[in-house]
Amino acid sequence: MKSSIVLVIIFSGIMALIGTMLGAILGVVMNKPSRKLLGNIIGFASGLMLSIVVFELIPEAKNKTGIFGTLMFLILGIIIVVIIDKMSNLSSNIKSQYTKVAFMVAVGIMIHNFPEGLVMGFGFANGDNLGLKMSLIIAIHDVPEGLAVAAPLMLSGIKSSKILFFAFLTALPTAIGAWIGIYIGSVSVEALGSALAFASGVMLYVIYGEMIPQSKKLWPGTTSTLGILSGMIVGLLMINVI
């Protein structure tokens, strides 16, 4: 049993790292991309995350903990991230604004990756394909998430090595969540649903409060809106095909 737990932790961590680090590397390699490209990247990532939250995380949470439990923990997630947002207020200069966006996106991704790791752990513990399915989804949709973390940091003038390190940190909660999920498989279904609802609230605030506004600020044209919609469509396809 211990060896299988270690394998799940390693596998889940690797899958999360592959997507996140690939996205961050692409962002670093671009080397000062245009504001239009960055706006489109952040827009696409926000649309993808929104699709995952609306079409997968919230329905899963509702099935596991009911509509009232889902709403309660979703609102709690929003409240917590609002507090974090207020506590992390930086100066109003442009570079600090980009750093704040990167920080909020990273926090949102880290919190949202933790219950995904739980799902992977429970899935592997129960012997069904949920763990593998979530692993594939995480690896794919973490690519634009890595880009979303890297893009504003690049505009802040942060060194490439630090950008990659920050991207690496966002993937760690997945492995931690997988370890907890498989190690204490007796945790109730309601607890998992609550975690998914909480993560959904966090992500919704980050998407609507930080990512979409920043995308439109970087490039107010139609393409950033199309990027958001494209992300939602790709996310919906991922959920239903994988």
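Fair warning: this is a prediction, and the values are worked out from it, not measured in the lab.

What counts and how
Residues numbered from 1 in each chain as written. Predicted model: local features only at pLDDT ≥ 70, side-chain atom pairs only at ≥ 80, totals over all residues. Heavy atoms only, no water. Helix = DSSP H or I, 4+ residues; strand = E, 2+ residues; numbered from the N terminus. Buried < 20%, exposed > 50% of the residue type's maximum accessible area, 1.4 Å probe, protein only. Areas by Shrake-Rupley, 256 points an atom, 1.4 Å probe, with all protein chains shown as cover. Expected span 1.5 Å × (residues − 1). Arc of directions from axis to C-beta. Patch = residues over 30% accessible without salt bridge, like charges linked within 9 Å, V, L, I, M, F, W, Y side chains within 5 Å. Salt bridge = Lys/Arg side-chain N within 4 Å of Asp/Glu carboxyl O. Core = buried A, V, L, I, M, F, W, Y, C linked by side-chain atoms within 4.5 Å. Contact = heavy atoms within 4.5 Å.

What about the overall build of the chain?
Counting its regular elements, the chain contains seven helices and zero strands. Seen in sequence order, the chain has helices and strands lined up from the N terminus as α-α-α-α-α-α-α. Scored against the burial criterion, the 242 residues of the chain give a buried share of 51%. In the structure as shown, the chain presents an accessible area of about 10800 Å², 74% of it carried by carbon and sulfur atoms.

A closer look at helix 7 (residues 222–241)
Counted at 1.5 Å a residue, the expected span for helix 7 with its 20 residues is 28 Å, and the 28 Å between its end C-alpha atoms agrees. Every buried residue of helix 7 is listed here: S224, G227, I228, G231, G235, M238 and I239. In a view along the axis of helix 7, the buried residues occupy a sector of 100°, so they form one face of it. In helix 7, the exposed residues that point more than 90 degrees away from the buried face are T222, I233, N240 and V241.

Notes on a nonpolar patch on the surface
A cluster of nonpolar residues, I67, F68, L71, I75, L76, I79, I80 and I83, forms a patch on the protein surface that exposes about 730 Å² of accessible area. If you trace the backbone, I67 turns up in helix 2 (residues 35–87). Its relative accessible area of 43% is what places I67 among the partly exposed residues.

Digging into the nonpolar core
The biggest cluster of nonpolar side chains holds 27 residues, and the ones touching the most others in it are I207 and M211. Secondary structure elements with two or more residues in this core: helix 2, helix 6 (189–218) and helix 7. Beyond its immediate stretch of four places on either side in the chain, I207 contacts S46, M49, L50, I212 and P213. Formed by nine residues, the second largest nonpolar core is a distinct cluster that contains M21, V28, L153 and I163.

Comments concerning the environment of I52
Structurally, the position occupied by I52 is in helix 2. Separated by 186 residues in sequence, I52 and M238 place their C-alpha atoms 8.8 Å apart.

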